[in-house]
Amino acid sequence: MRTTVGIIGAGPAGLLLARLLHNAGIDSVVLESRDRGYVEQRQRAGILEQGTADVLRAAGAGERLDREGLRHDGIELRYDRRRHRVDFPALTGGRSVTVYAQTEVCKDLIALQLKEGGPLLFEAEALAVEGADTDHPRVRFRHDGREDVLDCAYVVGCDGFWGIARTAIPAELTRVFERTYPFGWLGILADVPPSHDELVYARHDRGFALLSMRSPSVSRLYLQVPEGTDAEAWSDDEIWAELERRFETDDDWTLERGPITQKSVTPMRSYVHEPMRHGRLFLAGDAAHIVPPTGAKGLNLAVGDVVTFARALVHQRETGSAELLDAYSRTCLRRVWQAERFSYDMTTLLHRVPGATPFEERLQLARLERIASSRAAETDLAEGYTGFPFG
């Protein structure tokens, strides 16, 4: 099998890249180790930055997004039983974010790829990337019980942190930067309308909490819990009681309870792999970087990566110059590190670190009060949350 771009992974990054290349008249093949049902049900991110939503629309994947996505023009910060709303459009020249689950993005892009795009092979396990530093890289993979080879001009690894693409970059050429956090998020899905029309980020002495949603009738909520917590160790009543404590305010706001349909614990880490390119192998999304979910950046960073690659490949075709392809890693990493900074800032702003001193806790409150009282500080948060420019 032969193609111009071999894409490993059919998450939102790989699927969007295939769509962008199709629209530009460049052929690709997507290899996905899981089956279609798994990809379309895999619960992940739910916040699309302004730029991400715009890219999906321009790619032809915006019809259901515009019909069912929930535009949010701000978030609410809670601390010391106080509430402060950050108004995104007023601070960023009109930018906003959209609540639209990653599962729905994948469904939309899969449907488009199967209808109009190149081959999308489910249950096709990539085994190795070979010849990344040559003009003819290839991907060995297993599909339908037999091994095969995908010959490419370029390979893009969108196969996540545990994928094989990154391992094709020689260890002596790489640098890894990472930080793990001594807490995670206990996340729930609940069949109850959201108790607020925008996301609520709460800093509390007992730990962080987040009120989010998947639709007008389904709430997504999170609690900071110790690293290694078993989600099933928490009863439904205990979860709701703890959420109520952490969201408490001095006014009459109340948290509505409902049936919990899913529980899980998400670990928290920051990770960056440099470089994001070796020869004709390019890394995108979680294959190259991970952010704690506090800043809602993971999916959006992946979109920035594949937009950068697609633009660079089109530029080479139109001009004969590989300048943008050669700059891929540097270009992406500038945005990646700003997103890492923002996500780290949001995490340390809102979470209670085990063993934190009273001095450190007062500094958290001082940082929140600064955001609430300074337009400059508030603007910095709004610009980071709604997204850094692509490329």
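Calculation rules
Residues numbered from 1 in each chain as written. Predicted model: local features only at pLDDT ≥ 70, side-chain atom pairs only at ≥ 80, totals over all residues. Heavy atoms only, no water. UniProt positions renumbered as here; feature names shortened; annotations may be inferred. Helix = DSSP H or I, 4+ residues; strand = E, 2+ residues; numbered from the N terminus. Expected span 1.5 Å × (residues − 1). Axes fitted to C-alpha atoms, helices over the stretch in contact; angles between N-to-C directions. Parallel < 35°, antiparallel > 145°, perpendicular 65-115°, else oblique. Contact = heavy atoms within 4.5 Å. Nonpolar A, V, L, I, M, F, W, Y, C, P; charged D, E, K, R; others polar. Pairing = 2+ DSSP bridges. Left-handed = near helix turned anticlockwise from the far one by under 90°.

### What to know about the UniProt feature "domain: FAD-binding" (unreviewed entry) in the protein
Line of reasoning, step 1. Residues annotated in UniProt with the feature "domain: FAD-binding" (unreviewed entry) correspond here to residues 2–343.
Line of reasoning, step 2. Taken end to end, residues 2–343 comprises 31% helix and 32% strand; its first and last C-alpha atoms sit 39 Å apart.

### Looking at helix 12 (residues 375–386)
Line of reasoning, step 1. In a regular helix each residue adds 1.5 Å, so 12 residues correspond to 16 Å; helix 12 covers 16 Å between its end C-alpha atoms and thus fits that length.
Line of reasoning, step 2. Looking at the residues trailing helix 12, positive phi occurs at Gly387, about 120°.

### Topic: the packing of helix 11 (residues 358–373) against helix 12
Line of reasoning, step 1. Between helix 11 and helix 12, whose axes approach to 5 Å, the crossing angle comes to 100°. Considering their axes alone, helix 11 and helix 12 lie roughly perpendicular with respect to each other. Only Arg375, Ala377, Glu378 and Leu381 of helix 12 make contact with helix 11, whose side of the interface consists of Arg370, Ile371 and Ser373.
Line of reasoning, step 2. Among the residues making up the contact of helix 11 with helix 12, the classes are represented as three nonpolar, one polar and three charged.

### Quick look at the sheet that holds strand 13 (residues 175–190)
Line of reasoning, step 1. The sheet built from eight strands is open, its strands ordered 6-5-14-15-16-13-17-20 with mixed pairing. Each edge of the open sheet is held by one strand with a lone partner, namely strand 6 (82–87) and strand 20 (289–290).
Line of reasoning, step 2. Where strand 14 (residues 199–202) lies against strand 15 (residues 209–215), three bridges are found, and the strand directions are antiparallel. Along strand 15, the bridge assignment pairs Tyr201 with Leu210.
Line of reasoning, step 3. Contacting strand 13, strand 14, strand 15, strand 16 (218–226) and strand 17 (260–274), helix 7 (residues 236–246) crosses the sheet at an angle of about 85° to strand 16.
Line of reasoning, step 4. This element, helix 10 (residues 328–350), spans strand 13, strand 14, strand 17 and strand 20 of the sheet and lies at about 130° to strand 17.

### Description of the packing of helix 10 against helix 12
Line of reasoning, step 1. Look at helix 10 against helix 12: their axes get within 10 Å of each other, and the N-to-C directions meet at 120°. Relative to helix 12, the element helix 10 is oriented oblique. Crossing geometry of helix 10 relative to helix 12 is assigned as left-handed. Between helix 10 and helix 12, the residues in contact are Arg341, Phe342 and Met346 and Asp380, Leu381, Gly384 and Tyr385, respectively.
Line of reasoning, step 2. Grouping the constituent residues of the contact of helix 10 with helix 12 by class yields four nonpolar, one polar and two charged.

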